[in-house]
Amino acid sequence: MNSVIEEKVVLLKTASFYDLVRLASATIIPHQVMTYLIKFKYKGRIVIGILGVFRDYYKQYGLPVFYYYTFDGNDAQASEANYVIVYTGEDRFELSKNPKPGVSIPIISLAEKPVFIPDDIQ
């Protein structure tokens, strides 16, 4: 018997896109781990987020988490962005089609919502 177990990640919506950007910036370790955001459209919204895991949280160790923020589906800036540019030392960021000086976090556009992300995204 070949059964497929479809497990989902825990959804955590950030209060603002800036909170999501700060989280992504905090995960950057120079020359070690590539940090990126994923983007997809779902139910008329643009969803941008980052996958992570709970660490050292009692029995929830290794629990996958999707931190995300949603934009209106007509938000041209979010729709066209390929990067989040973080200006270190200035506590600001911008969405951009191209990398620029500062920390450029790539946004990877997906063709559709991944199956492991629950359908109840708000």
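Everything here concerns the structure above.
What counts, and where the lines are drawn
- Residues numbered from 1 in each chain as written.
- Predicted model: local features only at pLDDT ≥ 70, side-chain atom pairs only at ≥ 80, totals over all residues.
- Heavy atoms only, no water.
- Helix = DSSP H or I, 4+ residues; strand = E, 2+ residues; numbered from the N terminus.
- Buried < 20%, exposed > 50% of the residue type's maximum accessible area, 1.4 Å probe, protein only.
- Contact = heavy atoms within 4.5 Å.
- Areas by Shrake-Rupley, 256 points an atom, 1.4 Å probe, with all protein chains shown as cover.
- Pairing = 2+ DSSP bridges.
- Axes fitted to C-alpha atoms, helices over the stretch in contact; angles between N-to-C directions.
- Patch = residues over 30% accessible without salt bridge, like charges linked within 9 Å, V, L, I, M, F, W, Y side chains within 5 Å.
- Salt bridge = Lys/Arg side-chain N within 4 Å of Asp/Glu carboxyl O.
- Arc of directions from axis to C-beta.
- 1 Å grid on protein atoms, 1.4 Å probe; cavity = no way out; pocket = protein on both sides within 12 Å on 5 of 7 lines; lining within 4 Å.
- Points joined across faces, edges and corners; volume = space filled by probe spheres on them.
- Nonpolar A, V, L, I, M, F, W, Y, C, P; charged D, E, K, R; others polar.
- Core = buried A, V, L, I, M, F, W, Y, C linked by side-chain atoms within 4.5 Å.

Visitor: I'm lost on the overall build of the protein in this one. Help?
Guide: From N to C terminus, the protein includes two helices and seven strands. Taken from the N to the C terminus, the helices and strands of the protein come in the order β-α-β-β-β-α-β-β-β. The buried share of the protein, taken over its 122 residues, is 31%. Taking the contacts inside the protein whose residues are at least 6 apart along the sequence as the reference set, 55% of them involve residues at least 24 apart. Of the roughly 8100 Å² that the protein leaves accessible, carbon and sulfur atoms contribute 53%.

Visitor: Explanation requested: the environment of F17 in the structure shown.
Guide: One can find F17 in helix 1 (residues 17-26). Taking the C-alpha atoms as reference points, F17 and Y69, 52 residues apart in sequence, are found 5.8 Å from one another. Setting aside residues no more than four positions away along its own chain, F17 makes contact with I48, Y69, F71, V84, F93 and L95.

Visitor: Explain the environment of F71 to me, please; I cannot follow it from the model alone.
Guide: Along the chain, the position of F71 falls in strand 4 (residues 64-72). Once the C-alpha coordinates of F71 and R45 are considered, the two residues, 26 residues apart in sequence, prove to be 5.8 Å apart.

Visitor: I'm lost on the sheet that holds strand 1 (residues 10-13) in this one. Help?
Guide: In a beta sheet, neighbouring strands pair by backbone hydrogen bonds and run either parallel or antiparallel. Taken together, seven strands build an open sheet; the order of strands is 1-4-3-2-7-5-6 and the sheet is mixed. Where the open sheet ends on each side, the last strands, each with one partner, are strand 1 and strand 6 (92-96). Along the sheet, successive strands turn relative to each other by an average axial angle of 30°, direction set aside. The pairing of strand 3 (residues 45-53) with strand 4 spans nine bridges and is antiparallel.

Visitor: Sorry, what's going on with a nonpolar patch on the surface here?
Guide: Residues M34, Y36, I108 and L110 make up a contiguous nonpolar surface patch of about 380 Å² in total accessible area. If you trace the backbone, L110 turns up in the segment after strand 7 (103-109). Judged by its relative accessible area of 31%, L110 is partly exposed.

Visitor: Sorry, what's going on with helix 1 here?
Guide: The α-helix winds at 3.6 residues per turn, so residues separated by three or four positions along the chain end up facing the same way. For helix 1, the full list of buried residues reads F17, L20, V21 and A24. With its buried residues spanning 100° around the axis, helix 1 presents them on a single face. Looking at the buried side of helix 1, the elements it contacts are strand 2 (37-42), strand 3, strand 4, strand 5 (83-87), strand 6 and strand 7.

Visitor: Honestly, the layout of surface pockets in this entry has me stumped. Any pointers?
Guide: Unoccupied space between atoms shows up once a probe the size of one water molecule is rolled over them. Considering only enclosed or pocket space, the largest pocket measures out at about 340 Å³ in volume. If you go around the largest pocket, you meet 14 residues; those closest to its centre are T27, I50, L51, G52 and V53. If one sorts the elements of the lining of the largest pocket by residue count, strand 3 sits on top with five residues. Across the lining of the largest pocket, the residue classes tally to nine nonpolar, four polar and one charged.

Visitor: Quick question: what am I supposed to make of the nonpolar core here?
Guide: Nonpolar side chains tend to gather and get buried jointly when the protein is soluble and globular. In this structure, F17, L37, I48, V84 and L95 are the most contacted members of the largest nonpolar core, which totals 16 residues. Residue assignment for this core shows that the elements contributing at least two residues are helix 1, strand 3, strand 5 and strand 7. Considering each element in turn, this core owes the most residues, four residues, to helix 1.

These values are about where atoms sit, not about what they do.
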